[in-house]
Amino acid sequence: MRKLALLLSLILGVTSAYAGTNINGNVESRCTVNTDTAGYYGNPNAYTLTTLPASAGQVPIIRIDTSLATAYKAQISYPTSFSSSPSLGDTVVWTGAVGVDQTSSSDMSGYQAASTTANGGAMRIYPLSIAGATWFSVASVATYGGGQQKAFPGGSYTAVVVAECIAQ
């Protein structure tokens, strides 16, 4: 009986304890994306919308600031579709270009040469190897009707430049 009582007290006396403690934190990006110049389309003929100034358009300028060298890369894409437009029953052919427009340091002069492309050339990727500001221009041309050049329907057209900092 004593052995049974001793065994029972050992079993009941052995308990486990568990405590869960959260560790929280916030990380603020050391890379920001800003629109310095809003873009808009000019309409030099019935079948073309373009951001080129010679055709009454405005090329958007995106500024990316980073305070930490080699921690981020910039990914910038010219539009390949309208985010809003009148109903379009035919093909829109998109072309464009992303380029370094200006930098805060001459050490960044190699950014364009060091960049790569993705998504059929619509996206350009820049390693941000030096802390500072870089301004990027994003040209866009939309041609309606493919090779048949049809007139765009009247209305308002919006397309979006996607620019982001990606932590490496």
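Here the structure is a predicted model, which is why all the values come from computation and not from measurement.

### Examining the overall build of the protein chain
Secondary structure summary: the protein chain contains 2 helices and 12 strands in total. The order of α-helices and β-strands along the protein chain, N terminus first, is α-β-β-β-β-β-β-β-α-β-β-β-β-β. Its C-alpha atoms give the protein chain a radius of gyration of 28 Å, more than 25% over the compact-globule value 15 Å for 168 residues. The principal-axis extent of the C-alpha atoms belonging to the protein chain is close to 105 × 45 × 25 Å. Counting over 168 residues, the protein chain shows a buried share of 31%. With an accessible surface of roughly 10200 Å², the protein chain has 53% of that area assigned to carbon and sulfur atoms.

### Structural notes on the nonpolar core
Counting residues in each nonpolar core, the largest one holds 17 residues, and the members touching the most others are Ile64, Ile76, Tyr126 and Leu128. Listed by contribution, the elements that provide at least two residues to this core are strand 4 (61-66), strand 5 (72-77), strand 9 (123-128) and strand 10 (132-144). Ranked by residues supplied to this core, first place goes to strand 5 with 3 residues.

### So, the sheet that holds strand 9
Taken together, 4 strands build an open sheet; the order of strands is 8-9-5-12 and the sheet is antiparallel. If you trace the sheet from one side to the other, it starts and ends with strand 8 (116-118) and strand 12 (162-167), each paired once. The sheet shows a mean angle of 25 degrees between the axes of neighbouring strands, taken without regard to direction. For strand 5 and strand 12, the ladder comprises 6 bridges, and the chain directions are antiparallel. Along strand 12, the bridge assignment pairs Lys73 with Ile166.

### Quick word on the side chain of Ser140
Structurally, Ser140 can be placed in strand 10. One polar contact links Ser140 to Tyr41, side chain to side chain, over a distance of 2.8 Å. In this structure Ser140 touches Tyr41, Leu49, Thr50, Thr51, Pro79, Trp94, Thr95 and Gly96, once residues within four positions along its chain are discounted.

### Re the state of the cysteines
Tallied over the full model, the rule gives 1 disulfide. The disulfide partner of Cys31 is Cys165, and the S-S distance across this bridge is 2.0 Å. Across the disulfide from Cys31 to Cys165, rotation about the S-S bond amounts to roughly -55 degrees, and the bridge is consequently left-handed. Linking Cys31 in strand 1 (residues 31-37) with Cys165 in strand 12, this pair joins segments that are 134 residues apart in sequence. The pair Cys31 / Cys165 is uniform in exposure class, with both members buried.

### Focus on unusual backbone geometry
Backbone phi values are negative for most residues with the exception of glycine, while trans is the configuration of most peptide bonds. One non-glycine residue with positive phi stands out, namely Ala56, at about 70 degrees. The topology assignment puts Ala56 in the loop between strand 3 (48-50) and strand 4. Exposure remark for Ala56: the relative accessible area of 55% places this residue in the exposed category. Backbone geometry places Gln149, a non-glycine residue, at a positive phi of 50 degrees.

### Section: the layout of surface pockets
Space inside the largest pocket adds up to approximately 240 Å³. Along its surface, the largest pocket is lined by 18 residues, and Gly39, Pro60, Ala159, Val160 and Val161 are the ones closest to its centre. Breaking the lining of the largest pocket down by element, the ones donating at least two residues are strand 1, strand 10 and strand 11 (158-159). A class-by-class count of the residues in the lining of the largest pocket yields 13 nonpolar, 5 polar and no charged.

Parameters and conventions
Residues numbered from 1 in each chain as written. Predicted model: local features only at pLDDT ≥ 70, side-chain atom pairs only at ≥ 80, totals over all residues. Heavy atoms only, no water. Helix = DSSP H or I, 4+ residues; strand = E, 2+ residues; numbered from the N terminus. Rg over C-alpha atoms; globule rule 2.2 N^0.38 Å. Buried < 20%, exposed > 50% of the residue type's maximum accessible area, 1.4 Å probe, protein only. Areas by Shrake-Rupley, 256 points an atom, 1.4 Å probe, with all protein chains shown as cover. Core = buried A, V, L, I, M, F, W, Y, C linked by side-chain atoms within 4.5 Å. Pairing = 2+ DSSP bridges. Axes fitted to C-alpha atoms, helices over the stretch in contact; angles between N-to-C directions. Polar contact = N/O pair within 3.5 Å; in protein donor to acceptor, adjacent residues only side chain to side chain. Contact = heavy atoms within 4.5 Å. Disulfide = S-S within 2.5 Å. 1 Å grid on protein atoms, 1.4 Å probe; cavity = no way out; pocket = protein on both sides within 12 Å on 5 of 7 lines; lining within 4 Å. Points joined across faces, edges and corners; volume = space filled by probe spheres on them. Nonpolar A, V, L, I, M, F, W, Y, C, P; charged D, E, K, R; others polar.

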